[in-house]
Amino acid sequence: MKKLFSYILLLAMALSLFAGCTQNEAAPDLTGLEKAKTYLFNLYKDSGVTTTASFDVVGVVNVQGYGKYTVTWSADSDAITFTPNDKMVTVNIPGSPAEEINYKLTGTISDGNGNSVSVSFDHKVPAGGNLADGTYVILAGNLTMSSLAQDKPYGYPLANEVTVADGKVSNHFKADVLTIKKVGDSYTIQDAYGRYFYLKGTYNSFNVSATIPEEGGHLFTIGKEGDGYTIVNDAMAKTLAYSTSYSSWGCYPELSDDHNAVLTILPATAPDKDPETPSDPSTPSEPSTPSTPSTPSTPSTPSTGLITKPVAGTAYKFAITQGNLGKTLYFTGVPRDNQPWYITSTENEADAIDVFVEEVSGGLRLYFNINGAKNYLVMYKDGTHYSLKVTTTPSTIYTWNTEHNTFVAMNEDKECFIGTSNNYNTFSCNKMEYVGTSFIAHLYGEGGTTEPVTPPTTEPSTPPTTPSNPSKPADVTLTNGMKVVIYNPANGKALSSQPSAPTSYYQLGVDVTLNGSTLSGYGTTEIWTVVANSDGTFSFEQGGQKIAMGAEFASMKLGEVNDKWQVISLGNGLYNIKNAVRGNTMEWYASKNNWSTYTPSDPTTDPLFQMSFYVVP
């Protein structure tokens, strides 16, 4: 028994000694390594999956309080190699491989004591597209990547809907034809005006330049993706995609569900239509007689009278008589360049396109033919903006309104008609509540009545999407220290110093109403102090900061560098407010519901650029 007790005592002593030895051997502190791993992950987690050009990664991570850690990089593909580059490491990417390379890039972080942690990132190198130099149309489905407007140096390219059949594109514009040229393993992409598309800074939009930009950002890798292509900017590792949410093109570091990045690239043919060549609708013709709107050109033309009951399959002219301007606007079927939600017009009836009515279940459709294909005129709503578009896929069913002899349809929450307002020269979607102060589009043709269409007795003072306002703004002589509200009378929106959204670069528009000579609805953030500059320009100040433009981009912001504005009187209390350095004109950007600037061809006639001042009592 004593012997057994001795064995137990010896065993207890041995266990005690073993436990003591374990407590004295402290576990290594890996906190620094884990912090380095987290840093490395956050540094590269938003890098584009597609890598088309060689790029640098860090070779050393410095963690405050723990020192420096070495990073060793590796890949699970022999095609990817590495070159030390001072404190960086260059990841060498093969150009235009015959097949797509999918690889895992791994960074292993070591502390010099045999301890390490790793973090990995999935990447791919697309197979080379091998395109020959030439002109092409880049498509997401049947939507083109179009050129930016000639007077626009940056932005998100818009899309035009085209017809694609048998590997060929038709029903497209000059602006849709892009030039692609090979440079080494990459490509340059030029727009229809010869300007190079390139990326700059952290922005997902494009800049364009007539010459290759010195800062770079103009090279793209075009790779195969199944039956399509991917286009990735080499410098920024951003992928070209069409955004269905914004109906425009951009280059993005990460793709979401609304990005279409698997593209079709087809050789370009001569464009079928060019929105820049119709007769200039901004130049008024000799005033016609408002009492004879059905024959604005010659009596021998088909438009001999107003149609009060359309017949399916009959060719008509679609026209608007602007009684206040003595003009008749004829429908062309061509969307406005860079504002495709408006359809352009011509004052020459011979240049107008024939339109037809189609009977369908529940009502009518309105269409016209381009190269044998039916193109439908449909309504849609974009945010708060009621719009028109031309499409080969019909969606709107119209009914015939016998009171106004025109087409009407429900556009989501509002009944709308087709027409225009004020001195606009485009066909647009208008809410029926403004039919009495707008100009209505009518059909004209053989068999129509020759009785005149009586224009509205009240001259419209607002665009179709805002309440009418019978009051007129007054001319103002700006003086130093004067307190004013800057507002767009056509839309009833005042310029605020606040952004339109917490993260927006654009200014908020505040609803205001002019009754007689009194403006209401504004607050302190819409009151600006006039600063009369010695060079004849003006600045507008709040809280010691002036509303201004930066060195680039179209947005305005308090405290930016370009804070001087030219105030150009248009008469009748209307003004253009033009940045003295950048040349952009203040605009109420109605379709985006915010304030911005732009360089339109003629801001004097576009109500979005016509501003007024209200002197605060």
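Above this text sits the structure in question.
Quick notes on the rules
- Residues numbered from 1 in each chain as written.
- Predicted model: local features only at pLDDT ≥ 70, side-chain atom pairs only at ≥ 80, totals over all residues.
- Heavy atoms only, no water.
- Salt bridge = Lys/Arg side-chain N within 4 Å of Asp/Glu carboxyl O.
- Buried < 20%, exposed > 50% of the residue type's maximum accessible area, 1.4 Å probe, protein only.
- Helix = DSSP H or I, 4+ residues; strand = E, 2+ residues; numbered from the N terminus.
- Expected span 1.5 Å × (residues − 1).
- Arc of directions from axis to C-beta.
- Contact = heavy atoms within 4.5 Å.
- Pairing = 2+ DSSP bridges.
- Axes fitted to C-alpha atoms, helices over the stretch in contact; angles between N-to-C directions.

1. Section: the pattern of salt bridges
Per the stated rule, a full pass over the model turns up 10 salt bridges. Notably, a salt bridge pairs R195 with D191, separated by 2.7 Å at the nearest N-O pair. D191 matches R195 in its accessibility class, with the two residues each being buried. Among the ionic pairs, D413 bridges to K381, the shortest N-O distance being 3.3 Å. One end of the pair, D413, is in the loop between β32 (406-411) and β33 (414-420); the other, K381, is in strand β29 (residues 373-382), and 32 residues separate them in sequence.

2. What to know about helix α2 (residues 31-44)
With 14 residues, α2 should reach 20 Å at 1.5 Å per residue; the first-to-last C-alpha distance of 20 Å fits that figure. Taken together, the buried positions of α2 are G32, L33, A36, L40 and Y44. Axial view of α2: buried residues confined to an arc of 100°, hence all on one face. The secondary structure elements touched by the buried residues of α2 are β1 (55-58), β2 (60-63), β3 (67-75), β6 (101-110) and β7 (116-125).

3. Quick word on the pairing of strand β4 (residues 81-85)
Pairing geometry for β4 and strand β5 (residues 88-92), over five bridges, is antiparallel. Considered in β5, the bridge of F82 is made with V91. Between the end of β4 and the start of β5, which pair antiparallel, lie two residues, with D86 showing a positive phi angle near 60°.

4. Structural notes on the sheet that holds β1
With respect to topology, three strands assemble into an open sheet ordered β1-β5-β4, the strand pairing being antiparallel. Pairing within the sheet leaves two strands with one partner each, and these edge strands are β1 and β4. Neighbour-to-neighbour, the strand axes of this sheet turn through a mean angle of 30°, independent of strand direction. Where β1 and β5 come together, four bridges link them in antiparallel fashion. Following the sheet pairing, V57 is matched in β5 by V89.

5. Section: unusual backbone geometry
Excluding glycine, most residues fall at negative phi; most peptide bonds, likewise, are trans. Positive phi, close to 65°, is recorded for N171, a residue that is not glycine. As for its placement among the helices and strands, N171 is situated in the loop between β13 (168-170) and β14 (178-183). Although it is not a glycine, E412 adopts a positive phi angle of roughly 55°. With respect to the secondary-structure elements, E412 resides in the loop between β32 and β33.

6. A closer look at the sheet that holds β3
Neighbouring strands of a sheet are bound in pairs by backbone hydrogen bonds; such pairs are parallel or else antiparallel. Strands sit in the order β2-β3-β6-β7 across an open sheet of four strands; the sheet is antiparallel. The open sheet terminates on both sides in strands that have one partner only, identified here as β2 and β7. Between one strand and the next, the sheet's axes are offset by a mean angle of 25°, whatever the strand orientation. Pairing of β6 with β7, which is carried by 10 bridges, proceeds in the antiparallel orientation. Within β7, the residue paired with T106 across the bridge is S120. Its contacts with the sheet put α2 on β2, β3, β6 and β7, and the angle it makes with β7 is roughly 15°.

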